[in-house]
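Structural characterization, general
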Amino acid sequence: MQTHNAKRVAVIIEAVMQSRLTDAMENAGVSGYSVLPVLAGGGRSGNWSREGQIGRGQGMVQVICIIAPDKLDDLLNKAFAVVEKHIGVISVSDCQVLRAERF
Amino acid sequence: MQTHNAKRVAVIIEAVMQSRLTDAMENAGVSGYSVLPVLAGGGRSGNWSREGQIGRGQGMVQVICIIAPDKLDDLLNKAFAVVEKHIGVISVSDCQVLRAERF
Amino acid sequence: MQTHNAKRVAVIIEAVMQSRLTDAMENAGVSGYSVLPVLAGGGRSGNWSREGQIGRGQGMVQVICIIAPDKLDDLLNKAFAVVEKHIGVISVSDCQVLRAERF
Amino acid sequence: MEGMLALAADNLLSPIILFFALGVLAAFARSDLSIPEAIAKGMSIYLLFAIGFKGGAAVADNGIDATLILSLVAGLVLSFAIPMVAFALLRVMTGLSVVDAAAVAGHYGSISIVTFVAATSVVQGAGLDSEGYMVAVAAVMEAPAILSALWLIARFDKGTAQMDAGLMREILLNGSIVLLVGSFLIGVITGSEGLDLIAPFIVTPFQGVLCLFLLDMGLVAGRGLREARGVLKPGLFLFGVVMPVVGSVFGLLAGVLLGLSPGGIVLFMTLSASASYIAVPAAMRVALPEANPSIYLTLSLGVTFPFNLTLGIPLYLAVASFVTGG
Amino acid sequence: MEGMLALAADNLLSPIILFFALGVLAAFARSDLSIPEAIAKGMSIYLLFAIGFKGGAAVADNGIDATLILSLVAGLVLSFAIPMVAFALLRVMTGLSVVDAAAVAGHYGSISIVTFVAATSVVQGAGLDSEGYMVAVAAVMEAPAILSALWLIARFDKGTAQMDAGLMREILLNGSIVLLVGSFLIGVITGSEGLDLIAPFIVTPFQGVLCLFLLDMGLVAGRGLREARGVLKPGLFLFGVVMPVVGSVFGLLAGVLLGLSPGGIVLFMTLSASASYIAVPAAMRVALPEANPSIYLTLSLGVTFPFNLTLGIPLYLAVASFVTGG
Amino acid sequence: MEGMLALAADNLLSPIILFFALGVLAAFARSDLSIPEAIAKGMSIYLLFAIGFKGGAAVADNGIDATLILSLVAGLVLSFAIPMVAFALLRVMTGLSVVDAAAVAGHYGSISIVTFVAATSVVQGAGLDSEGYMVAVAAVMEAPAILSALWLIARFDKGTAQMDAGLMREILLNGSIVLLVGSFLIGVITGSEGLDLIAPFIVTPFQGVLCLFLLDMGLVAGRGLREARGVLKPGLFLFGVVMPVVGSVFGLLAGVLLGLSPGGIVLFMTLSASASYIAVPAAMRVALPEANPSIYLTLSLGVTFPFNLTLGIPLYLAVASFVTGG
Ligand SMILES: Nc1ncnc2c1ncn2[C@@H]1O[C@H](COP(=O)(O)O)[C@@H](O)[C@H]1O
Ligand SMILES: Nc1ncnc2c1ncn2[C@@H]1O[C@H](COP(=O)(O)O)[C@@H](O)[C@H]1O
Ligand SMILES: Nc1ncnc2c1ncn2[C@@H]1O[C@H](COP(=O)(O)O)[C@@H](O)[C@H]1O
Ligand code: NA
Ligand code: NA
Ligand code: NA
């Protein structure tokens, strides 16, 4: 199958910041994004788990966005402005996509 | 540790199509797959969220499949036949696995 | 944006082994990890689904850990010792991160 | 007329309507109020379980009515037929493509179980009895409309639709049909003895759960409307209000011809008037991926559902009372 | 004999059995009916909370029975001992490897709390009393069997099993034991006053929740059976039916020796007859990853659980009545 | 004094406290007992729905009290003012940075709805009446304290805080406020008729759900304490016990000045004494990411919540009874 180069940006971020991040992404002209739940985690600020939680104050989500390589820089800049002061992880990896016209 | 080249195929697809996709994958001889929930997303057809939903009509899942590189093409062909007319994203990236005999 | 090389380790593992794996990871000096739910899957030992389940005996989770490349080997060794006798998949891919000092 | 207005006003100020309105308002105001998916699904399982069982126990109590089979057949026929009417109306009233029109039409032949439940409450509140097997009629009306929609496509758009054996099984054995019919049959088997056993779970708290469930439906409908404002052209909106009334006339005819009780007629009218927002959308996503889901979801959940809930059901009650001389 | 058949028939037509059957059928027919994981877990928490509390309140009401401690000890002993019997039977009746046989044996020494709950319903329905502390006996019987299974491995397969301090804590402090024992103790402390306060939550709706829960168990068991048909060789299947009866004899002896009430004897028989499908499978996945989970899950949830639910419990009731001259 | 000790003892042995304690112990012992997130959220939705509606129905029953508006204003003022007091105390008693102190202070101006619910139970148990609109006071007290916290930062730390229109909307329209106020208004509109309809859902099972919910809060609080032991310096711990008492004095003054009933005064004291652990933490994560969440969560959920639940509420009841000469 014909595949095309693309970038996969995955941001693990606090749930309270989700809409701010996805707004920033839309702002950077991404064609789409998906939000995945995160159940638990650990890091420099300790361990946490969603079990039994009722608020969004605790807990993270993972936002995944697949984009054309040329849009990467703008996206990273805009996403970073949101995440900057917050805990979380931004990672980027290479991938191949079908239907390149969609990205 | 000794690692081996493999491909990681991630398909974000409508929940209603999940079993058709995994059937197609099994058909393509994959050794396994995993289905991850997706909470929310946005794309050309608008934004959606699983919150409060009771049907599977709305909502996507992510199917992840790690395979030996030589099986990739067959998998993509078979998966694409299922996804073709549907919204969703197919991406492929390189990865390394332990226990290569399993893929 | 300035990015840095890193490794993304993703382990799909039985839910009952989660804490043993994350303990091993902390032991290997990772700076953090995240646990994602897995809804369903299939493999050599058959198909399964979390629907309607009440125990943790069935079901897998995905543990994701982004680390500096030089810590990879230690992590893989320690993680593999936990996973060795168990079903599951360990994969590693290259990625780029912002804020490298955190990993 | 006055009685009907009072009824409508009464209905509008009932807790279930007010909680639905609360949900819509909260969604419009972009509040982050939301019900977890698992809880929403749990409540819908509870409602199907409860109304199925209660319907079955009522049938066990009253004996099998001679018209039961005929009512089921009438339900089947209506579910097959109403999409044709809806399709014709859509082609006239709106500019929808054949595919979108057929998809929408399928929703109106099928039913909305919550609308049915709300109508049951209103019927009971008005002191009317109704046939317990109407829940079985509801169950048989879920699926046939999907086949009509696919037939419409095959007829007017040549083979876009993808129907396979898997989909057929999914449609006929979809979770809500199985749970509704299964609970109904168990209700028939265990009768009032079984009902006594579980009444404190399925009877007394029912209205309270229904309020919370409608809050959730309001949230989902409101979010849908907010997202899909652009889709809702005047013609389409009008269809969403006119079609249930048209549908209800078919239900009225069926109910009267079958000689149902006034309450039963109201329920038949409501079933015919209501539009699916669970089973049919899922089937359409599989069989007709080209059809735009925001059109059918917005119409069904955002327009027709609230219309039936607020104005439709009191209207059907008034008409049925008038026709049966009540 | 006749009485027993009537009892069995009655039991087979009770709502809880019928909902279990509905679940199994729906799974066999590949319906997409399913209960969300969170709701299923929520219901199991509710059941543990309710039966623990009610048992404790009953103990507070009747005063601490002299045989309480002895019953707990008997439960411990049975949980340790039954796996040995099961292991011997398995080696004779089936071709299972040592590892698989030991894993299965561990399940039969432990207990299934839903089977216990169902037996409580049947006992109450038959107008019998039972000792409130039987829920505490259920709790102590959960874990020891796991140690027996690991001992069997160490003895017959030399050190495959991995036991560590972490696993020991997980087994002893697993959620269901903690919730059951905790609720029991709180029931003992707050007594009938506490029970009155929360009875509308844990007593009256209990049977209804149990129906829904058994629907879910039917779905899960049915799915498991469908997936693991291949595993279920005749010998294995036979074991799944014979072993509970064998286990129940041990429970009978214990109950009679302890001088329990007829209802208490039925519950002791049921505990000994039932097989774990939550705590033990989880422990086995950690300690014995080589053991094939579809064998023990299919046997426990797909064969023995339905057997006890439908035929076993009425049988144990008949036997206990006969033995105590009731 | 004796009466108060008896009351405190009684309170400590009530099922809700014991289930909270069970949760804390289970978490300390590292049991894997846990309530699924969706179920915990579902229960909190149930509690807000129930107390909002019941408060509204009570207002509908008793007519609108002249002091309703004044009580709302008093609630607003207290929510704005208490953080200033808390901030001053924190700067004196602890070594917290301005940012952390302001964040903590914001939590104490706001309220904990479960503490309020528990106080309602105790007030009812003591045979006292209270004003139904106290739930509306609870709602207005949720948000203003957040603004005070941000103002404290702006004043003492120059512009670290990030306040934007989005956050403002999130705070004012956060789910729990909308649900509480919405249910309250629907309760006012539908009155005792509406209440009768859904009482079997929101009144009779309420205490039971509250027990399970407190079990979950115990688990979460216990896990938090285990994780954040290091954070809990003596000064901080002391603050977590002293501040609620200080806050309650403001509530006492307000209640007495407004001429509320003794029960109403207890509730006002409890609102002022309690600290938020849902709305404020979420807002702080957005606006003050630099503030350490383990400090404010541990204090609010791990120290002040248990203190109020066990000792605080009986104390406030005793003081209010004494002051009003009861
Ligand atoms: N290296 C990592 N890999 C994966 N997830 C991480 C990593 N570091 C942090 N996280 C996630 O981000 C959360 C906050 O991280 P931290 O700021 O280090 O406390 C953690 O609880 C994890 O869920
Ligand atoms: N570029 C993307 N990256 C990640 N997820 C995407 C992307 N595009 C679409 N999606 C997901 O697929 C769904 C449908 O996409 P679309 O067909 O563009 O509306 C979205 O709601 C997202 O959940
Ligand atoms: N190649 C794979 N790609 C993704 N997930 C897999 C793969 N193989 C196995 N899994 C997951 O691991 C579980 C156990 O695999 P197995 O040991 O092959 O039965 C499966 O049910 C899947 O959830
Ligand atoms: Na219809
Ligand atoms: Na047993
Ligand atoms: Na306060």
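All values reported here derive from a predicted model rather than from experimental measurement. (Residues numbered from 1 in each chain as written. Chains lettered and ligands numbered in written order. Predicted model: local features only at pLDDT ≥ 70, side-chain atom pairs only at ≥ 80, totals over all residues. Heavy atoms only, no water.)

Structural notes on the overall build of chain A
Secondary structure assignment for chain A yields 2 helices and 6 strands. Ordered by position from the N terminus, the helices and strands of chain A form the series β-α-β-β-β-β-α-β. A principal-axis box enclosing the C-alpha atoms of chain A has dimensions of 45 × 30 × 20 Å. Intrachain contacts of chain A at a sequence separation of at least 6 include 80% that bridge at least 24 residues. Carbon together with sulfur atoms contributes 46% to the accessible area of chain A, which is approximately 3,700 Å² in total. (Helix = DSSP H or I, 4+ residues; strand = E, 2+ residues; numbered from the N terminus. Contact = heavy atoms within 4.5 Å. Areas by Shrake-Rupley, 256 points an atom, 1.4 Å probe, with all protein chains shown as cover.)

Topic: the relation of the copies chain E and chain F
You can overlay chain E on chain F at an RMSD of 0.0 Å; the transform is a turn of 120 degrees with a shift of 0.0 Å along its axis. In symmetry terms, the pair is related by a three-fold rotation axis. For chain E, the residue whose C-alpha comes nearest the rotation axis is Ala 38 of chain E, separated from it by 3.6 Å. (Least-squares fit on C-alpha atoms with pLDDT ≥ 70 in both.)

A few points about the coordination of the sodium ion (ligand 6)
Residue and element names in this part refer to chain F. Only Tyr 108 (O), Ser 110 (O), Leu 271 (O), Ser 272 (O) and Ser 274 (O) from the protein reach the sodium ion (ligand 6) as donors, at distances of 2.4 to 2.9 Å. Read in sequence order, the donor residues coordinating the sodium ion (ligand 6) give the pattern Y-x1-S-x160-L-S-x1-S. Assigned by exposure class, Tyr 108 and Ser 110 land together as buried. (Donors = N, O, S within 2.8 Å, 3.2 Å for Na, K, Ca; no water. Buried < 20%, exposed > 50% of the residue type's maximum accessible area, 1.4 Å probe, protein only.)

Considering the confidence of the model for chain D
Residues and elements named next belong to chain D. Scored by pLDDT, chain D has a mean of 94; 98% of the residues are at 70 or more. In the model of chain D, helix H1 (residues 2-12) stands out as the element of lowest mean pLDDT, 77, in contrast to helix H13 (residues 262-273), which has the highest, 98. For this predicted complex, the interface confidence reaches an ipTM of 0.96, while the overall pTM sits at 0.97. (pLDDT = per-residue confidence, 0-100.)

Some points on unusual backbone geometry
If a residue is not glycine, its phi is most likely negative; likewise, a peptide bond is most likely trans. You will see that Arg 30 of chain D, though not glycine, has its phi angle at about 60 degrees, which is positive. Within the fold, Arg 30 of chain D resides in the loop between helix H2 (15-28) and helix H3 (37-62).

A short note on the interface of chain A and chain B
Counting residues at the interface gives 23 residues for chain A and 27 residues for chain B. Both sides of the chain A and chain B interface together cover about 2,000 Å² of buried area, and 57% of this is carbon and sulfur. Together, Met 1, Arg 99 and Arg 102 of chain A form the three largest contributors to the area buried by chain A at its contact with chain B, with a combined 30%. Here chain A and chain B share 0 salt bridges between them. In this assembly, chain A and chain B are joined by 7 residue pairs in polar contact (both at pLDDT 80 or more). Per element, the largest residue contribution to the side of chain A that touches chain B is 5 residues, and it comes from strand S2 (residues 33-37) of chain A. A per-class count over the side of chain A that touches chain B returns 12 nonpolar, 6 polar and 5 charged. Alignment of S2 of chain A against strand S3 (residues 40-43) of chain B, held across 3 bridges, turns out to be antiparallel. Bridging from a neighbouring strand, Tyr 33 of chain A pairs with Gly 42 of chain B of S3 of chain B. (Buried area = accessible area lost by both parts, 1.4 Å probe. Salt bridge = Lys/Arg side-chain N within 4 Å of Asp/Glu carboxyl O. Polar contact = N/O pair within 3.5 Å; in protein donor to acceptor, adjacent residues only side chain to side chain. Nonpolar A, V, L, I, M, F, W, Y, C, P; charged D, E, K, R; others polar. Pairing = 2+ DSSP bridges.)

Topic: helix H2 (residues 72-83) of chain B
Residues and elements named next belong to chain B. Over its 12 residues, H2 extends 16 Å from the first C-alpha to the last, a length consistent with the 16 Å expected when each residue adds 1.5 Å. Within the span of H2, buried status applies to Leu 72, Leu 75, Leu 76, Ala 79, Phe 80, Val 82 and Val 83. Taken around the axis of H2, the buried residues stretch over an arc of 155 degrees, which confines them to a single face. (Expected span 1.5 Å × (residues − 1). Arc of directions from axis to C-beta.)

Remarks on the pairing of strand S4 (residues 46-49) of chain C
All names here are of chain C. Summarising the sheet, strand S3 (residues 40-43) and S4 pair through 4 bridges and their orientation is antiparallel. When the sheet's bridge partners are listed, Gly 42 is paired in S4 with Asn 47. Count of turn residues in the S3/S4 antiparallel hairpin: 2 residues.

Structural notes on the interface of chain E and chain F
Tallying the contact residues gives 23 residues for chain E and 25 residues for chain F. A buried area of about 2,000 Å², summed over both sides, lies between chain E and chain F, and 84% of it is on carbon and sulfur atoms. If you sort the residues of chain E by the area they bury against chain F, Ile 45, Ile 186 and Phe 201 of chain E come out on top, with a joint share of 24%. Connecting chain E to chain F are 0 salt bridges. Applying the counting rule to chain E against chain F returns 2 residue pairs in polar contact (both at pLDDT 80 or more). Mapped by element, the contributors of at least two residues to the side of chain E that touches chain F are helix H3 (37-62) and helix H10 (175-202) of chain E. The leading source of residues in the side of chain E that touches chain F is H10 of chain E, at 13 residues. Per-class residue counts for the side of chain E that touches chain F are 14 nonpolar, 7 polar and 2 charged.

Examining the arrangement of the chains
One finds no contact between chain C and chain D; the C-alpha atoms of the two approach each other to within 11 Å at their closest. These two, chain B and chain F, are apart from each other, with no contact and a minimum C-alpha gap of 11 Å.

A word on the site of ligand 2
The local shell around ligand 2 holds 18 residues, among which Ser 34 and Ile 66 of chain A together with Arg 44, Ser 45 and Trp 48 of chain B are the closest. Per-site note: the chains with residues close to ligand 2 are chains A and B. One of the side-chain N or O atoms of Ser 34 of chain A is found 2.8 Å from an oxygen atom in ligand 2. Trp 48 of chain B places a polar side-chain atom, nitrogen or oxygen, 2.7 Å from an oxygen atom of ligand 2. Within the shell around ligand 2, the residues separate by chemical class into 10 nonpolar, 7 polar and 1 charged. (Near = heavy atom within 4 Å.)

Structural notes on the relation of the copies chain A and chain B
Here chain A sits on chain B after a turn of 120 degrees about the axis and a move of 0.0 Å along it, with an RMSD of 0.0 Å. Little of the interface of chain A is mirrored in chain B, where only 13% of its interface residues are also at the interface.

Side note on the nonpolar core
Phe 268 of chain D, Phe 268 of chain E together with Phe 268 of chain F are the most contacted members of the largest nonpolar core, which has 459 residues in total. By residue number, the principal contributor to this core is H3 of chain E, which donates 14 residues. Setting aside residues up to four positions removed in sequence, Phe 268 of chain E forms contacts with Ser 71, Ala 74, Gly 75, Leu 78, Met 134, Val 137, Met 141, Gly 251, Ala 254, Gly 255, Leu 258 and Leu 260 of chain E. Judged by nonpolar contacts, the second largest core, of 21 residues, contains Trp 48 and Ile 64 of chain A together with Ile 12 and Met 60 of chain C. (Core = buried A, V, L, I, M, F, W, Y, C linked by side-chain atoms within 4.5 Å.)

Digging into the site of ligand 1
Around ligand 1 sit 18 residues, and of these Arg 44, Ser 45 and Trp 48 of chain A together with Ser 34 and Ile 66 of chain C come closest. Around ligand 1 the close residues trace back to chains A and C. One of the side-chain nitrogen or oxygen atoms of Trp 48 of chain A is found 2.7 Å away from an oxygen atom of ligand 1. Here ligand 1 loses 98% of its free accessible area of 480 Å² to cover by the protein chains. Looking at the shell around ligand 1, the elements with two or more residues in it are strand S3 (40-43) of chain A together with strand S2 (33-37) and strand S5 (60-67) of chain C. Residues belonging to the shell around ligand 1 are distributed by class as follows: 10 nonpolar, 7 polar and 1 charged.

A few points about the packing of aromatic side chains
Each aromatic ring pair is characterised by the separation of its centres together with the angle its planes make. This structure, assessed with the given rule, holds 27 aromatic pairs over all chains. Between Arg 155 of chain F and the ring centre of Phe 156 of chain F, over which it is positioned, the NZ or CZ distance is 4.8 Å. (Phe/Tyr/Trp six-rings, centres within 6.5 Å; stacked < 30°, edge-to-face > 60°. Lys NZ or Arg CZ within 6 Å of the ring centre and 35° of its normal.)

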